[in-house]
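# Fold and geometry: a report
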Amino acid sequence: MSGLYSFVWPLLRCLDPEAAHGLAIFALKRGLVPSAKPIADPRLSQTLWGLEFANPVGLAAGFDKNAEVVQAMLSQGFGFVEAGTVTPKPQTGNPKPRLFRLTGDGAVINRLGFNGAGVDVFRENLGGVKTRPGPIGVNLGKNADSVDAAADYTAGVRALAGFADYLVINVSSPNTPGLRALQSRDQLSELLDAVRAELRAEAPSDPPPLLLKVAPDLTDDDKRDIAAVALEQNLDGLIATNTTIDRPAGLSDANRDEKGGLSGRPMFDPSTRVLADFYRLTEGRLPLIGVGGIASGADAFAKIRAGASLVQLYTAMVFEGPGLVRRINRELADRLAGDGFAHITEAVGADHR
Ligand SMILES: Cc1cc2nc3c(=O)[nH]c(=O)nc-3n(C[C@H](O)[C@H](O)[C@H](O)COP(=O)(O)O)c2cc1C
């Protein structure tokens with residue numbers, strides 16, 4: 001990160017969080033943010049689902065809801081970027097304020113509620129991406145006023161399957177009423193059947209990999225059911241986890257009682273436990289993406305050892321700026337070497353062996 005940029009990013013934190021986010025997107029979109037030198041460490045690169053990941057650290061969904069800055073974020077050193085959540089129709093989301101920093105806790109609470117411009121604008125933005133230095137995932141959701149969830153997800157597939165390197169069915173955001181109920185066994189099976197059928201129709205020869213993003217607030221039965229459905233349905237992977245509605249003990253910030261999903265450092269442990277549970281329940285047969293509270297190479301390494309093939313982050317970047325991606329990759333390479341792993345794939349799930 002350039003000197004100027006490392007100076008400017010902390011200033012964003014003096015602004016209202018949503019205004020700061022808007023300004024960051026504005027600057028990235030207009031090329032005002034210098035790119036970072038790409039990380040080229042063969043120990044960190046891997047091919048998954050036929051896609052080349054130069055490094056395992058991705059940008060989590062929610063930062064670039066309208067796919068406006070995917071290329072700019074790949075140029076910041078992320079190994080991959082997940083855009084969205086996108087809903088079929090544009091929607092404004094919940095009333096403001098709806099995004100809160102818990103600075104001392106290294107956390108954020110959001111109740112944005114899938115604010116976004118809808119699939120048509122999203123597709124136009126993605127269509128304009130000239131080069132893809134890394135995979136671009138598309139995270140699909142449903143409109144708040146929709147009564148037919150399957151129709152919304154299949155509309156997303158129809159509009160965007162041809163533009164996505166991988167697709168994510170997001171049934172785990174806490175800010176859309178009824179959404180997380182779609183994680184229950186029968187509803188999930190039915191939904192994934194519909195999505196699969198649409199994918200077969202839309203991209204019969206070369207469908208993008210299909211992943212499911214899960215919540216951290218699941219009972220043991222929920223996790224068992226989701227893992228069983230994921231295997232039955234031949235899902236290509238799981239993303240664990242979305243934000244939590246729980247408020248772990250020890251939060252000190254005055255914003256801790258705001259309603260919404262908590263992300264960042266306080267959710268690292270609970271979300272890593274859920275990731276490890278899914279690795280066990282799927283017997284390591286599905287690639288997992290670990291997300292929740294990552295702020296260092298040690299954190300990324302812990303997720304990988306717990307079962308993640310790839311990781312993602314969002315909240316730590318709010319506090320540190322995108323320069324942290326290079327640091328995390330450097331630290332991760334050191335950790336791998338320190339534990340005697342010649343390549344990242346050797347470390348995946350190491351805690352379970
Ligand atoms: C402001 C904000 C908005 C988010 N929006 C979405 C979203 O639209 N879709 C989604 O699947 N996850 C969304 N997330 C969740 C993140 O993708 C990620 O799962 C979660 O924040 C945990 O990672 P972190 O601790 O590194 O932030 C959002 C997170 C934040 C902080």
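Figured I'd write up the structure that's included with this text. What you see is a predicted model, and the numbers here were worked out from it, not measured in a lab.

Rules used throughout
- Residues numbered from 1 in each chain as written.
- Predicted model: local features only at pLDDT ≥ 70, side-chain atom pairs only at ≥ 80, totals over all residues.
- Helix = DSSP H or I, 4+ residues; strand = E, 2+ residues; numbered from the N terminus.
- Contact = placed C-beta atoms within 7 Å.
- Near = placed C-beta within 6 Å.
- Nonpolar A, V, L, I, M, F, W, Y, C, P; charged D, E, K, R; others polar.
- Core = buried A, V, L, I, M, F, W, Y, C linked by C-beta atoms within 7 Å.
- Buried ≥ 20, exposed ≤ 12 C-beta atoms within 10 Å, placed from the backbone.
- Pairing = 2+ DSSP bridges.
- Axes fitted to C-alpha atoms, helices over the stretch in contact; angles between N-to-C directions.
- Parallel < 35°, antiparallel > 145°, perpendicular 65-115°, else oblique.
- Left-handed = near helix turned anticlockwise from the far one by under 90°.

Across its full length, the protein chain carries twelve helices and 13 strands. Each principal axis of the C-alpha atoms in the protein chain carries an extent, and together these give about 50 × 50 × 45 Å. Pairs at least 24 residues apart make up 74% of the contacts formed inside the protein chain by residues separated by at least 6 positions.

Let us look at the site of the ligand. What surrounds the ligand is a group of 26 residues, the closest being A60, G62, T85, S263 and T315. Residue assignment for the shell around the ligand shows that the elements contributing at least two residues are β6 (107-110), β11 (261-264) and α10 (315-320). Looking at the shell around the ligand residue by residue, the classes come out as eleven nonpolar, 13 polar and two charged.

Judged by nonpolar contacts, the single largest core of 107 residues is most densely connected at L167, L238 and V311. Ranked by the residues each element gives to this core, the list is headed by helix α8 (residues 268-281), at seven residues. Sequence-distant contacts of L238, defined by excluding residues within four places in its chain, comprise L211, L212, V214, A230, F278, L286 and L288.

Right, let's get into the sheet that holds strand β9 (residues 210-214). Ordered in space as β3-β4-β7-β8-β9-β10-β12-β13, the eight strands form a closed barrel in which the pairing is parallel. Put simply, the sheet's adjacent strands are angled 25° from each other on average, direction ignored. Summarising the sheet, strand β12 (residues 288-291) and strand β13 (residues 308-313) pair through four bridges and their orientation is parallel. By the bridge assignment for β13, L288 is matched with A308.

Turning to the sheet that holds β6, a few remarks are in order. Pairing in this open sheet of three strands is antiparallel, and the strands run β5-β6-β11 from one edge to the other. Only two strands of the sheet have a single neighbouring strand rather than two, namely β5 (99-102) and β11. Taken pair by pair, the neighbouring strands of this sheet meet at an average axis angle of 20°, ignoring direction.

In this section: unusual backbone geometry. With an omega of 10°, the peptide bond between G84 and T85 qualifies as cis. Tracing the chain through its elements places T85 in strand β4 (residues 80-86). Residues K96 and P97 are joined by a peptide bond in cis, for which omega reads -5°. The backbone of W49 sits at a positive phi, close to 50°, despite the residue not being glycine. Topologically, W49 is positioned in the loop between β1 (46-48) and β2 (51-53). Despite not being glycine, E283 shows a phi value in the positive range, around 55°. Residue position: E283 is located in the loop between α8 and β12. In this structure E283 comes out as exposed when scored by C-beta crowding, with 11 C-beta atoms within 10 Å.

Right, let's talk about the environment of A228 for a bit. Structurally, the position occupied by A228 is in helix α7 (residues 220-232). Residues A228 and L281, spaced 53 residues apart in sequence, show a C-alpha to C-alpha distance of 8.0 Å.

Okay, the pairing of β6 next. Here β6 shows a buried face lined by A107 and I109 and a second buried face lined by V108 and N110. Examined bridge by bridge, β5 and β6 share four bridges and lie antiparallel to one another. Opposite R101, over in β6, you have V108 as the bridge partner. Linking two consecutive strands that pair antiparallel, namely β5 and β6, is a turn of four residues; a positive phi of about 60° is found at G106 within it.

Moving on, we come to the packing of helix α4 (residues 119-127) against helix α5 (residues 149-160). In contact at an axis separation of 10 Å, α4 and α5 are set at 25° when each is read in the N-to-C sense. As judged from the angle between their axes, α4 and α5 are roughly parallel. Crossing hand, α4 versus α5: right-handed. Contacts from V119, F122 and R123 in α4 reach A155, G156, A159 and L160 in α5. Grouping the amino acids of the contact of α4 with α5 by side-chain chemistry returns five nonpolar, one polar and one charged.

This next bit is on the environment of A276. With respect to the secondary-structure elements, A276 resides in helix α8. With 22 C-beta atoms packed within 10 Å, A276 lands in the buried category. Each C-alpha atom, one on A276 and one on L288, is 9.6 Å from the other, the two residues being twelve residues apart in sequence.

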